Amino acid sequence: MKKRCMLLAGIILILLSLAGCTSVSNTSMAQKPSVIWEDWKAEGAYADYANLHKRFADRTKFVTITVPLDYENPTEGTIDVAVLKVEAKNKEERWGSILFNPGGPGGDGLIYGLLFSYLWSEDYPLSTTGAGTLFQELAEHYDLIGFSPRGLGASTNLICSSDALLEPALILSADGSEANLAANQANASAIAEACLANPMTNHINTEATARDMDVIREVLGDEKLNFIGISYGTWLGTWYASLFPQRVGKLLLIGQTDITQPLNGALLVQEMGMQRVLETKLIPHAATYPHLFHLGFSEAEVKQNLSSLEGGLKHATMKALDEHISYSEQAMLALFTLRSALVINTLLENEPALEEEQLHRLLAQYDWQVDEESSGILLQKGRMLAEEYYALKNRQREPVEVSGSDAVWWAVQSMDTNTLYDRDSWLLQNALHIKQYPEFGGFYIENPALYWDKAPLNRPATESIPQDASILIVQSEYDPYTPLESAVRTFSALEQASMIVLEGEYQHCILLPYGNEILDRSVAEFFLENKQPPRLTLVEGHQLPTYE
């Protein structure tokens, strides 16, 4: 469960290198709703996808669907949900649609039909060899559908704002003081109060999004909904299957959340997962190549060096590391982030009164003792960390202004099910995590769900999911955001599901095709031939790169 799965979009852009409105009032209509699909332009927030869109523009269509704000009281207002589809290449032999959700909560999936159209094309190298070629058949026969969930993206946005002032605050592992703790708690309370002041917030939850998905299914004219959910998308997909058991088609769930526990508690599990990737994958990798990463000649030395980070620099570093720690192909970027942080730390220790411009000048002059390309990356990381460090250092109190993805992130966690924690127990758990997970403990100390004065929803019973439902879970062994332990609990609760575990892998958002023959064939045949894999399959995940 993590918003950062949207980094997948950025990865694909690197690989490439380079509105109509229809009203739908409920989900029980007997006939396909009449809608007008229109051409789409990749502009505004989606301008970066213009080149990707050009590849599939002749098959790409857009519609905005107007749905009830409150499905229990459909006359009390509406909300818009944006949908983008890439039509099957072979329209005469169309088998249905596949709807995507990239996670979050708060991930914008509007362009995911485009992203997977590229992944499942002859232009993507892994789709041209072995079982990867089967994915081209998926694009041949299925419409690929992306949508912006209610509250964000191209759909009606949720805005949480107030005149209450947010205090400058750091994650708890960077500053364990009473003052910092109080600032985090005050901020969490202010965000909760601002969100609850907006009546729309009451209807930003997984139940409503699942019902929106069923409207999308009807608009597409499909009897059943086929769905690929990543991270929080697995929570959403299983919620849909429980809510509409007769309408669920094939579910592919990547990076499985624990559906047996309240959603908000998954934040604490992530702190453990991120620390585990750091200690079992990244630190050993750094110690194996000390002349590239310059973090230490042993794991103990690397850990000792990292322990010197504190305060605003540690906060900025861990937040930056969070952008890379779930992508195994970005291991070098993760470790270069840490190297840059340690260099900045040394420069600040030598001259504590350094101004930002002076630090940038010293970074530009620094001898990174690596090749020119790597030096450029390290300098870039250093500049980003320096900018964030000084921004934190000079931050002032500011009014609450949380919108779109960030607002949905907290609204869904707070509206879905009930947290197992009260404020004191959350604080205690975070205090324990600082000792257990010295870099990532207290990463989520600021938790508005603890101050959410609103009765949460009850998740529909998973027992309502048909025993013959087609469900396939794909899970990395060391996934930092949805750890294997959580996935196993869901796997146990879904006796009809199959699970494929990538041993040794820590990638959170698994790109498909992946490059493993067993995994790729299993997933492709799951959709192409309705072939359910064995209950449990273990396959070899990708290894971290080696360097000369």
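Preceding this paragraph is the structure being described.
Here we summarise the structure given alongside this text. Here the structure is a predicted model, which is why all the values come from computation and not from measurement.

Some details on the nonpolar core
Part 1: Judged by nonpolar contacts, the single largest core of 122 residues is most densely connected at Val 83, Ile 216, Leu 278, Leu 282, Ile 325 and Leu 363.
Part 2: Here this core takes 11 residues from helix H12 (residues 331–350), the largest share from any one element.
Part 3: Setting aside anything within four residues of it in sequence, one finds Ile 325 in contact with Met 274, Val 277, Leu 278, Leu 282, Phe 440, Pro 480, Tyr 481 and Tyr 506.
Part 4: Formed by 50 residues, the second largest nonpolar core is a distinct cluster that contains Tyr 46, Ala 82, Phe 100 and Leu 511.

Some details on the packing of aromatic side chains
Here the distance between the centres and the angle between the planes together describe a pair of aromatic rings.
Part 1: Enumeration according to the criterion identifies 22 aromatic pairs in this entry.
Part 2: Ring geometry for Phe 293 and Tyr 547: centres 5.9 Å apart, planes at 80°, overall edge-to-face. With Phe 293 in helix H9 (residues 290–293) and Tyr 547 in the segment after strand E12 (536–540), the pair connects residues that are 254 residues apart, well separated along the chain.
Part 3: Assessed through its relative accessible area of 22%, Tyr 547 is described here as partly exposed.
Part 4: Ring plane angle 65° and centroid distance 4.9 Å describe the contact between Tyr 366 and Trp 368, whose orientation is recorded as edge-to-face.
Part 5: In this structure Trp 368 comes out as buried when scored by relative accessible area, which is 3%.
Part 6: Taken together through their ring pairs, the aromatic side chains of Phe 100, Tyr 112, Phe 116, Trp 120 and Phe 135 make up a single cluster.

Some remarks on unusual backbone geometry
Part 1: In this structure, the amide linkage connecting Gly 104 to the following residue, Pro 105, adopts the cis form with an omega of 0°.
Part 2: On the secondary structure map, Pro 105 appears in the loop between strand E4 (96–101) and helix H3 (112–119).
Part 3: For Ser 231, which is not glycine, the phi torsion reads 60° and is therefore positive.
Part 4: Structurally, the position occupied by Ser 231 is in the loop between strand E7 (225–230) and helix H7 (232–243).
Part 5: Classification of Ser 231 by relative accessible area gives buried; the value is 0%.
Part 6: Located in the positive-phi region is Gln 369, a residue other than glycine, with phi close to 60°.
Part 7: Inspection of the secondary structure puts Gln 369 in the loop between helix H13 (356–365) and helix H14 (372–393).

Criteria and cut-off values
- Starting afresh in each chain, residues are numbered from 1 along the sequence in its written order.
- For this predicted model, a pLDDT threshold of at least 70 governs which residues receive local features, and a threshold of 80 or more governs which side-chain atom pairs are given and counted, while totals over whole chains, interfaces and linings are taken from all residues.
- With hydrogens and water excluded, all non-hydrogen atoms of the structure serve as input to the side-chain values.
- Buried residues of nine kinds, namely Ala, Val, Leu, Ile, Met, Phe, Trp, Tyr and Cys, make up a nonpolar core once their side-chain atoms join them within 4.5 Å.
- With a 1.4 Å probe rolled over the protein chains alone, any residue whose accessible area is under 20% of its type maximum counts as buried; one over 50% counts as exposed, and the rest are partly exposed.
- Comment: elements are numbered from the N terminus, with helices defined as DSSP H or I runs of at least four residues and strands as E runs of at least two.
- Here a residue-residue contact requires only that any non-hydrogen atoms of the pair lie within 4.5 Å.
- Paired rings are identified among Phe, Tyr and Trp, the last through its six-membered ring, by centres lying within 6.5 Å, and are further divided according to the angle between planes into stacked (under 30 degrees), edge-to-face (over 60) and tilted (the rest).

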